[in-house]
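Now for the letters of each chain:
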Amino acid sequence: MRKLILLIIGLSLLFSLSSVYAYSNVTTCIKITSPGEYRLTNDITMAGTCFVINSDDVVFDCQNHSINQTDVYNWDGFYLNATNITVKNCRIFDFLHGIYVSENSGSITISNNYIDSKFSIGAWLPDSSDLRITNNTLISASTVGSTIIGGIRVWDSPESCTPDVDTFFSVG
């Protein structure tokens, strides 16, 4: 009887620990409304905004898969509308904004991404705080006269916000 009780306790502990480390596989564009870790398992070609994140405490790992826009340049690859969000290991092509962070979002990490935004801004970060932008490559063919309009745009952020930027920019 004692062995059975220990086995039940052991299995309960194992199942509770496995749920802590669980992640959700993503195969298509979605709206995320629950905290957790999400992993893209294939490339996506689509029209419209692909991922809308409306929940705090989300890690989205593209695992080096591509997200390609087929429509006119009027959409976002990622639209982030919460706090404590990480977007990493993505290859994002032909969106108006590769990653758009809504106003007053915070604790955002954007790392190890390749964003080719031929039409506008690779990452658009208005009025955000606690930004970590590391090891990204942003390509833009957009200019107005001799001014590059692509790359990363940060403005109206709190004075205490100094983005940690380690990113390569190029006009292609």
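Residues numbered from 1 in each chain as written. Predicted model: local features only at pLDDT ≥ 70, side-chain atom pairs only at ≥ 80, totals over all residues. Heavy atoms only, no water.

### A word on the overall build of the chain
Argument step 1. Scanning the chain from N- to C-terminus turns up 1 helix and 19 strands.
Argument step 2. By the burial criterion, 40% of the 172 residues in the chain qualify as buried.
Argument step 3. Across the chain, the fraction of contacts at a sequence separation of at least 24, relative to all contacts at a separation of at least 6, is 50%.
Argument step 4. When the accessible area of the chain is evaluated, it comes to approximately 9,100 Å², of which 53% is carbon and sulfur surface. (Helix = DSSP H or I, 4+ residues; strand = E, 2+ residues; numbered from the N terminus. Buried < 20%, exposed > 50% of the residue type's maximum accessible area, 1.4 Å probe, protein only. Contact = heavy atoms within 4.5 Å. Areas by Shrake-Rupley, 256 points an atom, 1.4 Å probe, with all protein chains shown as cover.)

### Looking at the pattern of salt bridges
Argument step 1. All chains considered together, the criterion is met by 1 salt bridge.
Argument step 2. Here Glu 37 makes a salt bridge to Arg 39, at a shortest N to O gap of 3.0 Å. (Salt bridge = Lys/Arg side-chain N within 4 Å of Asp/Glu carboxyl O.)

### Let's talk about the environment of Ala 22
Argument step 1. Here Ala 22 lies in the loop between helix 1 (2–20) and strand 1 (24–26).
Argument step 2. Judged by its relative accessible area of 46%, Ala 22 falls in the partly exposed class.
Argument step 3. Separated by 16 residues in the primary sequence, Ala 22 and Tyr 38 have C-alpha atoms spaced 9.3 Å apart.

### Some points on the confidence of the model for the chain
Close inspection of predicted coordinates is inappropriate in any region flagged by low pLDDT.
Argument step 1. For the chain, mean pLDDT is 76; residues scoring 70 or higher make up 61% of the total.
Argument step 2. Within the chain, strand 19 (residues 164–171) has the poorest average pLDDT of any element, 46, and strand 6 (residues 58–61) the best, 98.
Argument step 3. Counting contacts from residues 159–172, a segment whose pLDDT is below 50, to residues more than four positions away or on other chains yields 40 contacts. (pLDDT = per-residue confidence, 0-100.)

### A short note on the state of the cysteines
Argument step 1. Per the stated rule, a full pass over the model turns up 2 disulfides.
Argument step 2. The partner cysteine of Cys 29 in its disulfide is Cys 50, sulfur to sulfur 2.1 Å. With the S-S bond torsion at -85 degrees, the cross-link from Cys 29 to Cys 50 turns out left-handed. Taken together, the residues span a long stretch of sequence, with Cys 29 in the loop between strand 1 and strand 2 (30–32) and Cys 50 in the loop between strand 4 (44–46) and strand 5 (51–53) at a distance of 21 residues.
Argument step 3. Residue classification places Cys 50 among the buried positions, given a relative accessible area of 2%.
Argument step 4. Note that Cys 62 is cross-linked by a disulfide to Cys 90, the S-S spacing being 2.1 Å. In this structure the cystine formed by Cys 62 and Cys 90 twists about its S-S bond by roughly 75 degrees; its chirality is therefore right-handed. A residue pair is termed long-range when its members are at least 10 positions apart, and Cys 62 in the loop between strand 6 and strand 7 (66–69) and Cys 90 in the loop between strand 9 (83–88) and strand 10 (91–93) qualify at 28 residues.
Argument step 5. Along the chain, the cysteines that take part in disulfide bonds pair up as 1-2, 3-4, counted in sequence order. (Disulfide = S-S within 2.5 Å.)

### Digging into the pairing of strand 11 (residues 97–101)
Argument step 1. When you tally the buried positions in strand 11, you get 5 out of 5 residues, the bulk of the element.
Argument step 2. In this sheet, strand 11 lies alongside strand 8 (residues 76–80) in parallel orientation, the contact comprising 4 bridges. Bridging from a neighbouring strand, Leu 80 pairs with Val 101 of strand 11. (Pairing = 2+ DSSP bridges.)

### Quick look at the nonpolar core
Argument step 1. Residues Phe 51, Phe 60, Ile 67, Phe 78, Leu 80 and Ile 99 are the most contacted members of the largest nonpolar core, which totals 29 residues.
Argument step 2. The greatest single-element share of this core, amounting to 3 residues, is contributed by strand 15 (residues 129–140). (Core = buried A, V, L, I, M, F, W, Y, C linked by side-chain atoms within 4.5 Å.)

### Brief notes about the side chain of Asn 136
Argument step 1. Looking at where Asn 136 falls in the secondary structure, it is placed in strand 15.
Argument step 2. A distance of 3.0 Å separates the side chain of Asn 136 from the backbone nitrogen of Asn 113, its partner in a polar contact.
Argument step 3. Separated by 2.9 Å, the side chain of Asn 136 and the backbone oxygen of Thr 134 make a polar contact. (Polar contact = N/O pair within 3.5 Å; in protein donor to acceptor, adjacent residues only side chain to side chain.)

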